[in-house]
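Residue-level structural notes
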Amino acid sequence: TKVFSDDCADAVCKLKKGNTYQISISFKPASDLKVLEASLAGVIAGIPIPFPLPVSDGCVACGNTCPIASGTEVTFTEALKVEPSYPALRLVSRWKLKNCG
């Protein structure tokens, strides 16, 4: 699994308010995927706080490729806007792609 942003090549990225970042996660599923659900949480003081995604349907974010056969490399892509109203803080983001089928 590889995670990367169009504006950051490091494991730790500084995201600026008001900008939109293209986040991509490349992976090869170990089993066939019929339905793929995406979620994002910001981990603050050890507590995951859910963050709404514009597209939570992982199949759509992977280019409408479901079902996905096991071992097939696919890339989940999401545009993530950092709103100017968000508080300035340092946190870990936790992305999940879950097989729901």
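Attention in this report is confined to the structure presented alongside it. Being a predicted model, the structure only gives us computed values, none of them experimental.

Here's the deal with the overall build of the protein
Check the secondary structure of the protein and you find one helix and six strands. When the helices and strands of the protein are listed from N to C terminus, the series reads β-β-β-β-α-β-β. In the protein, buried positions account for 28% of the 101 residues. A separation threshold of at least 6 residues defines the contact pool for the protein, and within that pool the share at least 24 residues apart is 69%.

Here we look at the sheet that holds strand S6 (residues 92–99)
On the basis of which strands lie adjacent, the open sheet formed by three strands has the order S4-S3-S6 and antiparallel pairing. Across the chains shown, the open sheet's two edge strands, defined by having one partner strand only, are strand S4 (47–51) and S6. Neighbour to neighbour, the strand axes of the sheet diverge by 35° on average, direction disregarded. Looking at chain direction, strand S3 (residues 36–44) and S4 are connected through five bridges and run antiparallel. Directly across from Gly-42, in S4, lies its bridge partner Ile-49.

Focus on the side chain of Ser-26
As for its position among the elements, Ser-26 is in strand S2 (residues 20–27). Engagement of the side chain of Ser-26 in a polar contact is seen with the side chain of Thr-75, the distance being 3.0 Å.

Looking at the nonpolar core
Within the largest apolar cluster, 18 residues are counted, with the highest numbers of intra-cluster contacts made by Phe-27, Leu-36, Phe-76 and Trp-95. Mapped onto this core, the elements with two or more residues apiece are S2, S3, helix H1 (58–61) and strand S5 (74–81). Among the elements that line this core, the one with the most residues is S2, at four residues. If we skip the residues at most four places from it in the chain, Trp-95 touches Ile-23, Ile-25, Ser-39, Leu-40, Leu-53, Phe-76, Glu-78 and Leu-80.

Digging into the pairing of S3
Here S3 runs beside S6; their pairing, made up of eight bridges, is antiparallel. Within the sheet, the bridge partner assigned to Leu-36 lies in S6 and is Asn-99. The hairpin formed by S3 and S4 contains two residues between the paired strands, and Ala-45 there has a positive phi angle of roughly 55°.

Let's talk about the packing of aromatic side chains
In the structure shown here, the tally under the stated rule is two aromatic pairs. Ring centres of Phe-51 and Tyr-86 lie 5.6 Å apart, and the angle between their planes is 80°; this geometry places the pair in the edge-to-face category. Of this pair, Phe-51 sits in strand S4 while Tyr-86 sits in the loop between S5 and S6, and the two are 35 residues apart along the sequence. Ring centres 6.1 Å apart and planes at 65° place the aromatic pair Phe-76 and Trp-95 in the edge-to-face group. Remark: Trp-95 occurs in strand S6 and Phe-76 occurs in strand S5; sequence separation between them is 19 residues.

Conventions used here
Residues numbered from 1 in each chain as written. Predicted model: local features only at pLDDT ≥ 70, side-chain atom pairs only at ≥ 80, totals over all residues. Heavy atoms only, no water. Helix = DSSP H or I, 4+ residues; strand = E, 2+ residues; numbered from the N terminus. Buried < 20%, exposed > 50% of the residue type's maximum accessible area, 1.4 Å probe, protein only. Contact = heavy atoms within 4.5 Å. Pairing = 2+ DSSP bridges. Axes fitted to C-alpha atoms, helices over the stretch in contact; angles between N-to-C directions. Polar contact = N/O pair within 3.5 Å; in protein donor to acceptor, adjacent residues only side chain to side chain. Core = buried A, V, L, I, M, F, W, Y, C linked by side-chain atoms within 4.5 Å. Phe/Tyr/Trp six-rings, centres within 6.5 Å; stacked < 30°, edge-to-face > 60°.

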